Amino acid sequence: MSPSTENRFRFAAIFTLVLAFFFVSGACGLLYQVVWTRKLVLLFGTTSYAVSTVLSIFFLGLGVGSLWGGRLADRSTRPLAVYGWFEIIIGAWALFFLASITWGEGLVVAVLRAFDFSRGVGIVLRALMAAVLLFVPVTLMGATLPILSRYVVREAQGRGFRIGALYTLNTFGAVAGCFVTGFYLIQHLGYTQTTLLGAAANVAVGLAALVIAWIVGPTTVAPEPDASAEVIPTGSAPVDPRVAYAAIAAFAITGFSGLALEVIWTRLLTIVFLGTTYAYTAMLTSILIGIALGSAVASLIADRTRRHAELLGAAVILTGICSAFMLWRFPALPEMLSGSRWEDAIERKFWLAFVTLVPATFCLGMTFPLVIRAASGALQRIGRDVGFLYSANTFGGVVGAVVGGYLLLPLLGAHLSIVLLVVLLVLTGVTVIATSGAAPWLKNGASILSVFLFILAWLLGPVDVSRALDAGYIPTDHEVIHYTEGVEGTVAVSQPVDKPDGTDRVLWINRVQATTSIEKGVKMNRLQGVLPLLFDRDVDEVLFMCFGSGITCGTLALSDFERIDAVEISPDVLAAAPLFEADNLGVIDREGIEFHIDDGRNYLLTTDHRYDFITFEPMPLAMAGVSTFYTREYYELCRARLAPRGMVSQWVPLHSLSPEVVQSLVRTFIEVFPESCAFFINADLFLIGSDDPLQLDYAAAQRRLAQPELRAALDKVLLRDVEEVIASFIMDRPALAAFAEGGRIMTDDRPWAEFEAPKLVYAGKVPDSLALIEPHQTSPLTILAGDSMTPAARDAIDRRHRAHVTDLAALQRYYQAGPMDTRAIAGFLRSLEIDPKDWNARYYLEQDAERQLERMIPWEEYETA
């Protein structure tokens, strides 16, 4: 074997190893991005501004790192060793991040409380903290591509393939990191162990790179070329500066448009797929796969053609055209989501996301290898050129993400935003082709074809893609009376077409039914709003988070509290509240309520106020991020904000959860609060926690519930006497402890329930949870103050409690076999034999009667009806 052949084989082996290293680097990078973002969002809150701030810092660091890394690469004689040290430092910094984030949180919170800064200043302070924690590792991550590019490019002819292969393998690594982290690691290992795994992989890769760099020895770097040269050689053909500048501008614009489109696509697909952690992982994985595949194909052809600019322009145009055709595809997606098994649903969502997103992202991925060939200069400055090009794309992406989320969506909506970005991409691609020196027929043909395809996509698509998606989830007998595309999400309100009186309305947030004003939902909200009135203590100051339709807050406002702080993350949700005025009792205009636009957890972190009662009503646990309202650390935060003898109320819905998850949520709650009890209504538990013993006060409850406006509101939902409200009590502290035995604690570090809950959305486990609760039912007499009621009142409460025990058994049949099940009906009738005033049994029998009538009248069974 000749020396030259041996050297080629040797380099091929080393190149393969470097590709493997960079694959692992990509996997670790996405792993860290997911973990660090979620950890920092716990401090920032889950508002879009907070999430965007963290991601902007992340991508800004990558851009700065690529610029700096490019200059460093061209000066280094051992770029592979530099890469190895960077990987080791990144891994070590990941451990430093874990150790530092807690004291960083304490420092920022202390400053915010000491100086009473505004929310905007709070975001800036947190951004500075995030920058301190993130800037070093993400800068080093950004530097790795130009450094390795300097190492693997030994001759001009192969630069497109080699740099493109690096980018491709790194992106495929990101695919693996995103998929494994989102679907497995966080759920089963938690953030800390997941980070340790990433750090170990970084250090292992870094050490391996150092060993190979030591074996191979230094890389010779030729002198810098004359920077004033008008034409810089790039392999077999010179580069026209006009073409290079156009390519660079196009790459920056594709970064801007690509990230802006990703924000909008995610918003639309969240409406289709529901905003679970798995849905976001499937969407991001699909986007990364498309980019990686496009880069792979372009890498194979970049060195085989001289028409880099023409191909780059075509790829940019096709990115826009494919995005335009998505407007036609999006509204059809809801009909394709069939199947009730979670495994089938998530697999179908993944493939739908893949098929929908890959065409545009494939074209987007092709741009990088083509830009490298079209715009990079001499070999001696290849690191600097790669770093500059990558940073232009990254910086453009940061601007695109911000503009897409905070300007385009709120001002134009998803549909017009996509159209605008498509036009920008098509014009950019046409401009690149026009400067390429291509034949006039090619330039004109590209322009004409682009216009034709854009018009075709426009004609095929709906008038408004977001509105068209409404048809996929709004009930057919409903009409949309309010619709807003805001920064935090899409907010819609619908009502039955035959009930324009303001009742039975539904609030939808990103497709999820956040709350409904049907009688059952209002009944639950009314109970939640009167829980603080039942105990042997005065409640003056209340904190209510997750405002929603405002029905619970409106109920709270009917009592004589001195102060109510209402926290809602989305101003668009508050704007929709007047549409629920019939049930929220005009809460927006009531005195004594102060509204705060903020994430509830962030509000608790920054306020130094102490409350007598804290309650919240978050979105379903299956939604991404909602688990932060059910962790041990969150309850500890609530406990720290309680006034003496204060109480916390937590809503635990049995719908869409399993008995094991419900047990675990209860155990997490009672682990924090030494005193606790539970109430039950419909299929919902309300946990009450405090530092002081909890005792019901019959006389005080009767007096407080007798206020005329509150009494009228309770009567409408069949909570017609104090016995009915008190009899919703279901478990005292010993019963809760027995019920929760064997449950798992949920923590901020391991929010496992967020990954379990999406699998249970269609599982129908309510009867199983009721069966688990049934043996633990406790009479409210166990915590009722004996001197607060007469013997007659005691007998009435005991009788109502025994009727509710029978109700619970009937409810199991109700949720298992349906509302018209004869055994469920018989159970509720037995409850009425125990207590004819059992309003809970009457409610379900009325529901049954209505359904019987609805069934008989269309069949003309008038006499039976």
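Whatever comes next refers back to the structure up there.
Note that the coordinates shown come from a computational prediction; the quantities given were computed from them, not determined experimentally.

## Focus on the overall build of the protein
- A tally of helices and strands in the protein yields 28 helices and 14 strands.
- Looking at the protein as a whole, 60% of its 865 residues qualify as buried.
- Pairs at least 24 apart in sequence give 79% of the contacts found in the protein among residues at least 6 apart.
- Per element, the accessible surface of the protein, about 32800 Å² overall, is 61% carbon and sulfur.

## Some details on the packing of aromatic side chains
- By the definition in use, this model includes 32 aromatic pairs.
- Centre to centre, the rings of F669 and F673 are 4.8 Å apart; their planes meet at 40°, and the pair counts as tilted. Of the two residues examined, F669 and F673, each falls in the buried class.
- Of the aromatic side chains, those joined through ring pairs into one cluster are F179, F183, Y278, F350, W351, F354 and F755.
- Here the guanidinium or amino end of K523 rests over the ring plane of Y843, the centre of that ring lying 4.6 Å away.

## Observations regarding the pattern of salt bridges
- Applying the stated rule across the entire model yields 16 salt bridges.
- For R601, the salt bridge is made with D748, and the minimal N-O distance between the two is 2.3 Å. With R601 in helix α17 (residues 600-606) and D748 in the loop between α23 (733-740) and α24 (753-756), this residue pair connects regions lying 147 residues apart in the sequence.
- Residue R711 pairs with D715 through a salt bridge whose shortest N-O separation is 3.2 Å. Residue R711 and its partner D715 are located together in helix α21 (residues 708-716), separated by four residues, close to a single helical turn.
- When salt bridges that share partners are traced, they join D721, E724, R800 and D835 into one network.

## Quick look at the sheet that holds strand β4 (residues 490-496)
- With respect to topology, four strands assemble into an open sheet ordered β3-β4-β5-β6, the strand pairing being antiparallel. Two strands bound the open sheet, and with one partner strand each, they are β3 (478-485) and β6 (512-516). Sheet twist, expressed as the average angle between the axes of neighbouring strands with direction ignored, equals 25°.
- Pairing of β4 with strand β5 (residues 506-509), which is carried by four bridges, proceeds in the antiparallel orientation. Bridging from a neighbouring strand, V491 pairs with I509 of β5.

## Details of the pairing of β4
- For β4, the buried fraction is high: seven of the seven residues fall into the buried class.
- Alternating positions in β4 separate into two faces, T490, A492, S494 and P496 on one and V491, V493 and Q495 on the other, with burial throughout.
- Linking β3 back to β4 in an antiparallel pair, the connection comprises four residues, with G489 at a positive phi of about 155°.

## A short note on the nonpolar core
- Counting residues in hydrophobic clusters, the biggest one holds 128 residues, and the most contacted among them are Y32, W36, L40, L80 and Y83.
- Once residues within four sequence positions are removed from consideration, L80 is found in contact with V18, L148, Y151, A209, I212 and A213.
- Membership of the second largest hydrophobic core comes to 121 residues, among which are I614, V662, L696 and A701.

## Quick notes on the packing of helix α8 (residues 308-329) against helix α10 (residues 382-434)
- It is the contact of α8 with α10, at a shortest axis distance of 8 Å, that shows an interaxial angle of 165°. For the element pair α8 / α10, the angle class is roughly antiparallel. Handedness of the α8/α10 crossing: left-handed.
- Looking at the contact of α8 with α10, its residues break down into 16 nonpolar, seven polar and one charged.

Conventions used here
Residues numbered from 1 in each chain as written. Predicted model: local features only at pLDDT ≥ 70, side-chain atom pairs only at ≥ 80, totals over all residues. Heavy atoms only, no water. Helix = DSSP H or I, 4+ residues; strand = E, 2+ residues; numbered from the N terminus. Buried < 20%, exposed > 50% of the residue type's maximum accessible area, 1.4 Å probe, protein only. Contact = heavy atoms within 4.5 Å. Areas by Shrake-Rupley, 256 points an atom, 1.4 Å probe, with all protein chains shown as cover. Phe/Tyr/Trp six-rings, centres within 6.5 Å; stacked < 30°, edge-to-face > 60°. Lys NZ or Arg CZ within 6 Å of the ring centre and 35° of its normal. Salt bridge = Lys/Arg side-chain N within 4 Å of Asp/Glu carboxyl O. Pairing = 2+ DSSP bridges. Axes fitted to C-alpha atoms, helices over the stretch in contact; angles between N-to-C directions. Core = buried A, V, L, I, M, F, W, Y, C linked by side-chain atoms within 4.5 Å. Parallel < 35°, antiparallel > 145°, perpendicular 65-115°, else oblique. Left-handed = near helix turned anticlockwise from the far one by under 90°. Nonpolar A, V, L, I, M, F, W, Y, C, P; charged D, E, K, R; others polar.

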